[in-house]
Amino acid sequence: MVRRRWTSSALTGPCAGMVALSLVSTGARAEEGAPPRWQVDVKAAYVVLGAHAARATGGLMPSVTGTRRWPVRDAVDIGIGADVGLFGLGGGARWLGVLGGPTASARVMPFRAPLSFELTARLDLGRIPVCNAWGLCLRYLGFFPAAELGAAYLSTQHVAVVATCGVRFIRTLAWSGVSVEPAAAGRIAW
């Protein structure tokens, strides 16, 4: 009677092959299957704040937004996340403010082209500088919600370039109205 001894090298070969096969098939499914669930947008907006932009007190507003996305249909998804940004960067220290808060968005890809259209609502809290008609500039703490429409060009499934235009609702003692915020952003998704 001959007994066969199993050695580690005898088991390593078939096990290594099984592990490699499972990794290859998982990678193939990930490439062709589910869209990315997380995304980060790095955005630069130019804020125009003031009556008919005659006394614009906004300026450059860089921001970062992180979002978790859920598919609703094949070409539609929704997302919830948070953003933080510096308001009025580049206009001197008296203009600097900070905004941040939760965001909610809906995105649709109606065509086969790598183009999506987005609607985002931002519920920002923070401090913004506002100047009145007499040149008095104060920083105001408050709730400054915003809404924006955007279009994104997906260069790959994980990288996109986004163009948006938003409006922010501002109510302060110095000035009340709507600021306009055209922006460009880079997006990374995984």
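Data block above holds the structure.
Rules used in this analysis
- Residues numbered from 1 in each chain as written.
- Predicted model: local features only at pLDDT ≥ 70, side-chain atom pairs only at ≥ 80, totals over all residues.
- Heavy atoms only, no water.
- Helix = DSSP H or I, 4+ residues; strand = E, 2+ residues; numbered from the N terminus.
- Polar contact = N/O pair within 3.5 Å; in protein donor to acceptor, adjacent residues only side chain to side chain.
- Contact = heavy atoms within 4.5 Å.
- Core = buried A, V, L, I, M, F, W, Y, C linked by side-chain atoms within 4.5 Å.
- Buried < 20%, exposed > 50% of the residue type's maximum accessible area, 1.4 Å probe, protein only.

Novice: Residue-level account of the side chain of Glu 181, with values.
Specialist: Along the chain, Glu 181 turns up in strand S8 (residues 176-189). Of note is the side chain of Glu 181, whose polar atom sits 2.8 Å from the side chain of Arg 168. Reaching out from Glu 181, the side chain makes a polar contact with the side chain of Ser 179 at a distance of 3.3 Å. Apart from the residues within four sequence positions on either side, Glu 181 is in contact with Ala 45, Tyr 46, Val 47, Thr 164, Cys 165, Gly 166 and Arg 168.

Novice: With reference to specific residues and values, describe the nonpolar core.
Specialist: Ranked by internal contacts, the top residues of the largest apolar core, which has 13 residues, are Leu 49, Met 61, Phe 87, Leu 99, Ile 128, Val 130 and Ile 170. Within the residue set of this core, elements represented by two or more residues are strand S1 (38-47), strand S5 (115-131) and strand S6 (137-154). Other than its neighbours up to four places away in sequence, Met 61 contacts Lys 43, Ala 44, Ala 45, Val 47, Gly 85, Leu 86, Phe 87, Leu 99 and Arg 168.

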